[in-house]
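Structural description and commentary
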Amino acid sequence: MGTPLDYGHKNYNHYGAYLKNKYDGQRVYKIIADAGFTCPNRDGSKGYGGCTYCNVDSFTPELSRKLPTIREQIEQGMERAFKNYRAEKFIIYFQPNTNTYAPAHYLKMLYDEALSINTDSIVGLSVGTRPDCIDFEKLALLESYADRFDVDLEMGMESIYDDTLLKINRGCTHQEFLNAIQLAENTKVDICVHTIFGFPWETHEMMLRYADEINRFPQIKFVKLHHLHIVKGSIMGSRYARDPFKVFTIDEYTDFIAEFIPLLRPDIVLQRLFGLADFDLLIAPNWGMKKSQIQSYIDKRLEAKGIVQGSAYKPAPLLVV
């Protein structure tokens, strides 16, 4: 007799179950589109060199990096997902770099092209960006697709501490993140927030406080949790080579998110529990497992610990005027 996990039931609100329920059991996969954007923290608008942990190739599949056009990337991505995973529906995911870092009319041209490819099979548009590259006009553009597709805007919060954001050369303050979240307060676009755990100067307690910050914004629907990983070609990678610092082991990270997940609002959908760079780029931590193996390991540990999302969540008290 198996456990609930053996039947696909997890005690946290996970993205796979969300997609399955929303799309009536159809197999839905994200197709990555690389539109060749840069970043204001790379081109000199805000800084040079990018965030210290960042090598954009580390989170962009090699196939996407080599394809010259949006159409080819999407068509081949769909074909691969259909062949390997029997995908039935697709979400077009503009992932690498800052995908709102251009005038709205140019963004519209790109989004329109991507969504016109095999339209009957596309159910969603997902756009990854920085909070300082969102404004009313760009949010309105994304909203214009919401009557035909599910649209989510993914923003890198990374840390809630300005000291950390400064140390990692983020070129963006936490207040700028808050400004973007407040701009999206009544939007039809779903908001996804990305976090990174494990900066060596942040304590365990400091990282747990991320949950309180996420919880207080009802417009945040999705969250991606990542552990810090060190990759080749990044500033942090060069520093780590000279002077290695502590990074999470898989057991330490699992123990941490086992504390973190109960603090999160139960309605928040966890799109991801960890990040993983290509092994040819990854310096540390190398847990010696493939992505599916890490996911299975963490899920089994969470189940064994009896972890339930929201079990320690405490809503903020209502203000009485």
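Residues numbered from 1 in each chain as written. Predicted model: local features only at pLDDT ≥ 70, side-chain atom pairs only at ≥ 80, totals over all residues. Heavy atoms only, no water.

1. Some details on unusual backbone geometry
Pro-285 follows Ala-284 through a cis peptide bond whose omega is -10 degrees. When you line up the elements, Pro-285 lands in the loop between strand E9 (282–284) and helix H12 (291–305). Here Asn-118, not a glycine, exhibits a phi torsion of approximately 55 degrees, which is positive. Its location among the elements puts Asn-118 in the loop between helix H4 (104–115) and strand E3 (122–129). The backbone of Asn-169 shows a phi angle near 60 degrees, a positive value even though the residue is not glycine. Note on placement: Asn-169 falls in the loop between helix H6 (162–167) and helix H7 (174–183). For Asn-169, a relative accessible area of 29% translates into the label partly exposed. (Helix = DSSP H or I, 4+ residues; strand = E, 2+ residues; numbered from the N terminus. Buried < 20%, exposed > 50% of the residue type's maximum accessible area, 1.4 Å probe, protein only.)

2. Structural notes on helix H10 (residues 235–242)
Within the sequence span of H10, burial applies to Met-236, Gly-237 and Tyr-240. In an axial view of H10, the angular spread of the buried residues amounts to 100 degrees, which keeps them on one side of the axis. Of the exposed residues in H10, the ones pointing more than 90 degrees away from its buried face are Ala-241 and Arg-242. (Arc of directions from axis to C-beta.)

3. Concerning the packing of aromatic side chains
Enumeration over the complete set of coordinates arrives at 17 aromatic pairs. Between Phe-199 and Trp-201, the aromatic rings sit 5.7 Å apart at their centres with planes inclined by 15 degrees, giving stacked as the arrangement. Using a relative accessible area of 30% as the deciding quantity, one classes Trp-201 as partly exposed. Look at Tyr-253 and Trp-287: their rings are 6.1 Å apart centre to centre, the planes differ by 35 degrees, and that puts the pair in the tilted class. Here Tyr-253 is found in helix H11 (residues 250–260), whereas its partner Trp-287 is found in the loop between E9 and H12, with 34 residues between them in sequence. Judged on exposure class, the residue Tyr-253 and its partner Trp-287 are both buried. If you follow Lys-22 out to its NZ or CZ, it ends over the ring of Tyr-23, 6.0 Å from the centre. Over the aromatic face of Tyr-93 sits the side chain of Lys-30, whose NZ or CZ is 4.5 Å from the ring centroid. (Phe/Tyr/Trp six-rings, centres within 6.5 Å; stacked < 30°, edge-to-face > 60°. Lys NZ or Arg CZ within 6 Å of the ring centre and 35° of its normal.)

4. Describing the nonpolar core
Among the nonpolar cores identified, the biggest contains 73 residues, and Ile-92, Tyr-111, Phe-260 and Leu-273 are the most heavily contacted of them. Examining the composition of this core, we find that six residues originate from one element, H11, more than from any other. In terms of nonpolar packing, the next biggest core, distinct from the first, is built from 13 residues, Cys-51, Cys-54, Leu-228 and Ile-230 among them. (Core = buried A, V, L, I, M, F, W, Y, C linked by side-chain atoms within 4.5 Å.)

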